[in-house]
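Reading the structure
What follows is each chain in one-letter form.
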Amino acid sequence: VWGLRWTDLPCVGAMPHGFPGFHLPHLTWARSEALFGGALALAMIGMLESVSIAKSIATHTGADINANQEFFSQGLTNFISSFLNCIPGSGSFTRSALDYAAGAETRFAAMLNAIFVACIFLFFGKLAQFIPRATLAGVLFVIAFGLIDWSYIPRMLRVNRSDALVCAATLLATLFTPLEYAIFIGVFLNIGLFLRKASRLHIAEMVQTDGERFQEMPLLDRAGLKRVLLLQVEGDLFFGVADELQDRLGEVRRQGVRVAILRLKRTHMLDSTVLHVLEQFVRAMKEHGGEVILCGVRTELMSVFKAYGLVTLCGPLNVIETGDSIFGSVKAALIRARQILGESIDVQPLDARLGHESFVYEI
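Quick caveat: nothing in here was measured; it's all calculated off a predicted structure.

**As for the overall build of the protein chain**
Counting secondary structure elements, the protein chain contains 15 helices and seven strands. Counting across all 363 residues of the protein chain, residues that qualify as buried make up 32%. Of all intrachain contacts in the protein chain linking residues separated by at least 6 positions in sequence, the fraction that spans at least 24 positions is 77%. Of the roughly 23,100 Å² that the protein chain leaves accessible, carbon and sulfur atoms contribute 64%.

**A word on helix α12 (residues 299-308)**
Think of an α-helix as turning once every 3.6 residues; residues three or four places apart then point the same way. Taken as a whole, α12 has its buried residues at Leu 301, Met 302 and Phe 305. All buried residues of α12 project into a common sector of 105° when viewed along the axis, lining one side. In α12, the exposed residues that point more than 90 degrees away from the buried face are Thr 299, Lys 306 and Ala 307. Turning to α12, the residues buried within the fold contact β5 (267-270), α11 (272-287), β6 (291-297), α13 (310-314) and β7 (319-321).

**Let's talk about the pattern of salt bridges**
Within the structure shown, the criterion is met by five salt bridges. Close ionic contact of Arg 266 with Glu 234 constitutes a salt bridge, the shortest N to O distance being 3.6 Å. Here Glu 234 lies in strand β3 (residues 228-237) and Arg 266 lies in the loop between β4 (259-263) and β5, a separation of 32 residues in the sequence. The shortest N-O distance in the salt bridge between Lys 286 and Glu 291 comes to 3.4 Å.

**So, a nonpolar patch on the surface**
Taken together, the side chains of Phe 22, Leu 24, Phe 72, Leu 76, Phe 79, Ile 80 and Leu 84 present a nonpolar region at the surface, about 770 Å² in accessible area. Note on placement: Leu 76 falls in helix α2 (residues 67-81).

**Section: the environment of Lys 286**
With respect to the helices and strands, the residue Lys 286 is situated in helix α11. Along the sequence, Lys 286 and Val 259 sit 27 residues apart, while their C-alpha atoms lie 9.9 Å from each other. With residues near it in sequence (within four places) discarded, Lys 286 still touches Glu 291, Leu 313 and Cys 314.

**Observations concerning the packing of helix α7 (residues 152-159) against helix α8 (residues 161-176)**
For any two helices packed against each other, the geometry comes down to the angle between their axes and how far apart the axes lie. Packing of α7 against α8 leaves a shortest axis separation of 6 Å and a crossing angle of 125°. Comparing their axes, α8 and α7 come out oblique. Across the interface between the two elements, Met 156, Leu 157 and Val 159 from α7 touch Arg 161, Asp 163, Ala 164 and Cys 167 from α8.

**Section: the packing of aromatic side chains**
Considering all chains together, one arrives at four aromatic pairs under this definition. With centroids separated by 5.9 Å and ring planes inclined at 10°, the aromatic side chains of Phe 22 and Phe 83 adopt a geometry described as stacked. Pair noted here: Phe 22 is in the segment before α1 (29-61) and Phe 83 is in the loop between α2 and α3 (93-102), with a separation of 61 residues, a long-range link. Judged by its relative accessible area of 21%, Phe 83 falls in the partly exposed class.

**Considerations on the confidence of the model for the protein chain**
Residues shown with low pLDDT carry predicted positions that ought not to be read at fine detail. Scored by pLDDT, the protein chain comes out at a mean of 80, with 88% of its residues at no less than 70. Segment residues 344-363: pLDDT under 50, and 54 contacts once partners within four positions in sequence are set aside and those in other chains are kept.

**So, the nonpolar core**
Note that soluble globular proteins tend to have their nonpolar side chains buried in a common cluster. In terms of nonpolar packing, the biggest core is built from 36 residues, with Leu 249, Leu 270, Val 274, Leu 294 and Phe 305 touching the most fellow members. Secondary structure elements with two or more residues in this core: β3, α10 (239-254), β4, α11, β6, α12 and α13. If we ignore the near neighbours within four places in the chain, the residues touching Leu 294 are Leu 262, Leu 264, Phe 305, Cys 314, Asn 318, Val 319 and Ile 320. Counting 16 residues, the second largest nonpolar core, distinct from the first, contains Met 206, Ile 293, Cys 295 and Ala 337.

**A word on the environment of Glu 70**
With respect to the secondary-structure elements, Glu 70 resides in helix α2. For Glu 70, a relative accessible area of 32% translates into the label partly exposed.

**Side note on the packing of α1 against α2**
Two elements in contact, α1 and α2, have axes separated by 10 Å at closest approach and are oriented at 135°. Here α1 lies oblique to α2, going by the angle between them. Viewed along their axes, α1 and α2 form a crossing whose handedness is right-handed. Only Ala 67, Glu 70, Phe 71 and Gln 74 of α2 make contact with α1, whose side of the interface consists of Gly 46, Met 47, Ser 50 and Val 51. In the contact of α1 with α2, the residues fall into four nonpolar, three polar and one charged.

The rules behind the values
Residues numbered from 1 in each chain as written. Predicted model: local features only at pLDDT ≥ 70, side-chain atom pairs only at ≥ 80, totals over all residues. Heavy atoms only, no water. Helix = DSSP H or I, 4+ residues; strand = E, 2+ residues; numbered from the N terminus. Buried < 20%, exposed > 50% of the residue type's maximum accessible area, 1.4 Å probe, protein only. Contact = heavy atoms within 4.5 Å. Areas by Shrake-Rupley, 256 points an atom, 1.4 Å probe, with all protein chains shown as cover. Arc of directions from axis to C-beta. Salt bridge = Lys/Arg side-chain N within 4 Å of Asp/Glu carboxyl O. Patch = residues over 30% accessible without salt bridge, like charges linked within 9 Å, V, L, I, M, F, W, Y side chains within 5 Å. Axes fitted to C-alpha atoms, helices over the stretch in contact; angles between N-to-C directions. Parallel < 35°, antiparallel > 145°, perpendicular 65-115°, else oblique. Phe/Tyr/Trp six-rings, centres within 6.5 Å; stacked < 30°, edge-to-face > 60°. pLDDT = per-residue confidence, 0-100. Core = buried A, V, L, I, M, F, W, Y, C linked by side-chain atoms within 4.5 Å. Left-handed = near helix turned anticlockwise from the far one by under 90°. Nonpolar A, V, L, I, M, F, W, Y, C, P; charged D, E, K, R; others polar.

In structure tokens, the structure reads:
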């Protein structure tokens, strides 16, 4: 080791002189297919690297990060640079961390970095090739070590085991598999965990206790005890919850419910699969002499229901938009249920008919 000469050290090597010229990429279908996997992995790495370094530094500076703006600018830069024989670029751990350590506070530091790099290529390219790779590696290790939040890791292990599992799996994949595979594994694990959490259906009954108060309670099977059933459905209603929602609504229909009220104020989205489930439920209720009332419908959901035909299927009076008052749409739905029962069954008030039940209203 002591006899190692300077010329034996691995160096950066020869660097191109000057700026690259304009060049139109020559792509064929076969070449595009071969490059797609690596290009997608590079794009993900670039996005993750940019946001990671930005958030890591923002925890110390308190700056606000606009990820969408960063992604757009990065994509536009890579698109333009692809015509200049440039390699894909993104936010750099080394440059950004070094800038922050040196006291940089604005985005002009990155512009100055670009100017310095341009000067190296133009005037010092022959000297820069003798920079030992070991010095660059040392800088990278020091910066990477400083970016790790060691206090956060044990907290994550105590609080969220699923996130810790994803972190460990991604780390192992990075060490033992190609980098693009490690990125895909980490992304797909996160997507899988998100779908697992989001696919849990949140449906409950809110029982009217006294006056205008409502209490959430688990939805129980009390077949034949209710003619009016008020259900509160919340969360993301997408294909992941469609089967469970269909089963729960099927149980509601089999209970002999006369009017089923669905409060949708806390739903965030509805996809076509869930809309089809709701359509089947409404048709099944009508075939058995029942009605379905949709209340707490926000403006954007109302446009979706109209386009899909649910408003026409349920009837305009049975689709109630949300209002400013607390439980305003619920009260309107109960009045509508009273009208339906009073017209089709008898004229006895709804409150009197349901007064002998264990619970009056379910939302």
